[in-house]
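Chain by chain, the residues:
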Amino acid sequence: MSIDSLRRSARETVSGLPQGFWWLWLSTLVNRTGAFVLTFLSLYLTVELGHSAWFAGLVVALHGLGGVAGSPLGGLLTDRWGRRPTMVTMHLAAAACAAALAVVTSAWAIATAVLLMGVAMQAVRPSINATIADMVPAHDVRRAYALNYWALNLGFAIASIGGGAAAFLGYRTLFVVDAVATTLCAVIVFLRLPETRPESRTDTAGEPVVEEKVSMLTVLRDAPFRTLVLLNLLVCLVFTAPWIGLPLTMANQGLSPSSYGVVIAINGIVIVGFQLLVNKLTDKRSPVLLLTLSALLFAVGTGATALAGSPVAFAATVVVWTVGEMIHVPTNAAATARLAPEHARGRYQGVMGMSWAVAGFVAPIGAGAIVGGPGPDVLWAATAAIGVVAAAGYYTRLRKALADEPVATAAPAAPAETAPVATAAKDAESSPVGA
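Keep in mind that this is a model prediction, so the values were computed, not measured.

What counts, and at which threshold
- Residues numbered from 1 in each chain as written.
- Predicted model: local features only at pLDDT ≥ 70, side-chain atom pairs only at ≥ 80, totals over all residues.
- Heavy atoms only, no water.
- Helix = DSSP H or I, 4+ residues; strand = E, 2+ residues; numbered from the N terminus.
- Buried < 20%, exposed > 50% of the residue type's maximum accessible area, 1.4 Å probe, protein only.
- Polar contact = N/O pair within 3.5 Å; in protein donor to acceptor, adjacent residues only side chain to side chain.
- Contact = heavy atoms within 4.5 Å.
- Expected span 1.5 Å × (residues − 1).
- Phe/Tyr/Trp six-rings, centres within 6.5 Å; stacked < 30°, edge-to-face > 60°.
- Lys NZ or Arg CZ within 6 Å of the ring centre and 35° of its normal.

Hey, could you run me through the side chain of Thr383 in this one?
Along the chain, Thr383 turns up in helix α15 (residues 376-397). For Thr383, a relative accessible area of 4% translates into the label buried. A distance of 3.0 Å separates the side chain of Thr383 from the side chain of Thr302, its partner in a polar contact. If sequence neighbours within four positions are ignored, Thr383 has contacts with Val238, Ala241, Ala299, Thr302 and Gly303.

Hey, could you run me through helix α5 (residues 83-101) in this one?
Residues that lie three or four places apart on an α-helix share one face, since the helix turns once every 3.6 residues. When the terminal C-alpha atoms of α5 are compared, their 27 Å separation across 19 residues agrees well with the 27 Å that a helix rising 1.5 Å per residue should span. Among the residues of α5, Arg83, Thr86, Met87, Val88, Met90, His91, Ala94, Ala95, Cys97, Ala98 and Leu101 are the ones counted as buried. Looking at the packing, one finds that the buried side of α5 touches α2 (19-33), α3 (37-48), α4 (53-80), α6 (107-135), α8 (171-192) and α14 (345-372).

So what exactly am I meant to see when it comes to the packing of aromatic side chains here?
To describe a pair of aromatic rings, you give the distance between the ring centres and the angle between the ring planes. Inspection of every chain in the model, using the stated rule, returns 12 aromatic pairs. With 5.7 Å between their ring centres and 65 degrees between their planes, Trp22 and Trp25 make a pair best called edge-to-face. With a gap of 3 residues between them, Trp22 and Trp25 both fall in helix α2, about one helical turn apart. Under the relative-accessibility criterion, Trp25 is labelled buried at 15%. Following the ring pairs from residue to residue traces out a cluster consisting of Phe239, Trp243, Phe298, Trp321 and Trp356. Taking the ring centre of Phe190 as reference, the NZ or CZ of Arg84 above it sits at 4.9 Å. A cation over a ring is seen here: Arg399 above Tyr395, with NZ or CZ 4.6 Å from the ring centre.

Any chance you could explain the environment of Trp23 here in plain terms?
Structurally, Trp23 can be placed in helix α2. Not counting residues within four places of it along the chain, the set of residues in contact with Trp23 comprises Ile188, Arg192 and Leu193.

What am I meant to see in unusual backbone geometry here?
Both trends apply: most residues other than glycine have a negative phi, and most peptide bonds are in trans. If you check the backbone angles, Lys284 has positive phi at about 70 degrees while not being a glycine. Note on placement: Lys284 falls in the loop between α11 (257-282) and α12 (287-303). Overall, Lys284 belongs to the exposed group, its relative accessible area being 51%.

Okay, structure coming up:
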C-alpha cells in the first residue's frame, strides 16, 4: 500500500463527521491525557502511604464497584436530564474526586473518593455514547465510536508516558493535573457541545406524540438487547482477565515486571497505531460477523497465553486479543445504539456500560483466585472457552436482530443558534479500560 493510498484512507476515515463530534472527540482526548489516578493509584497507596497490596487491590475494585452503580445512573440522567448536563456534572464530580485524592490520607477517605470517582466516570459514558448516536448519521455511527475509542487510547498512552516522566513531582501533583484535565474536558463540553437529546415528536396535526415509557426493567425485557448485554459481559470477562492474570503468569515463569510492562504496552501501541486501519478494513461489515470474529480473537489470544514461554510469545498473544478489542468496542457500542429507541438511548447505553463495570469488578478477583488456586493454565483455558461460547452466541442469537444494515440518513439539524454543529462511550473502562 502506497503512502498516497494510506493518506487517502486516513482522510476517508475521519471525513464527513459533524463538527460537534470532533469537539466531543477533543474532550475525550483531553480527559484521558490527564488520566493519572488509576494508573498510579496502587503505587501511591503502597509506596507513598505505606498501605498493603491487599488494600490497594480493594480500593481499585471499589472503583469498578462504583461503575456498576454509575452506569445505569448515568443512563437515566442522560435520557431525563439531558446529555450535556450529565456530561458536565459527572466530569466535574470526577475532577473533584481526583482533587480530593491529592489531599486526603485516611484509608476511609481514599476508599470513598475512589468509589465516588468510579460512579462519576462510568456515569458519563452513556451520555457520550448517546450523543454520538444522536449527532452522527446511522451509517457512520460505528466509525464515530471507533474514532472516539482511538482518542481514549491515544490520551491514555500520553498520560502513561507523561505520568511516568513526571512522577518525580509527586503523586499528589499528578492527581491535581488529572483534576484540571477533567475540568477542562467539562468546559469544552459546556462551551462547544450542544444538547442533542431528541425533542418530543409531533404528529401531522402538530400534537405531541406520547412516547412509550422506558424503565430499566423495560430495557432488560428487550430480548435481543439483553442477549447483547450478556454476551458482552462474557467478552468483558475475557478481556479483563489478562490485566490481572498476565503479570501473574509471567511472574510464575520467572519473567521480570519490566518484561510485563513491555508486553502490556503492546496493547496501547497497537490501538494507537492501527485503530484507524482496522476501522477502515471492517467498515460496512456485518456487525454480527464482526462481534463473532472479535470474540474468537479474544478466545485465541487469551487461550494461547497458556502456551507462551517468552516475552515475544506473550506479546504475540496480546496483539491477537488487542485486534479483537479494536473490532469489538466500536461494533458493540454501535449495536447498542441501533437496538435502542431514540428516546431511551441513555438507558440502553447505561445497561450496556454496567456489563463492563461488572466485569471490571468480578474478573480481577476471579482471575487472581484461579491463578493462585488451580493455576494459570486453567484461567487461560477458561477464557478461551468463554470466548468461544460468546462467539457462538453472537452468531446464532443475534443474526436476525442485527441482520439488516440501518438506512443511511442525514443527522438531524442543530438548533439555529448552534447551526455549525450538527445534532451521539466503554467504559469502559474502563470501564477501567473502557474497557
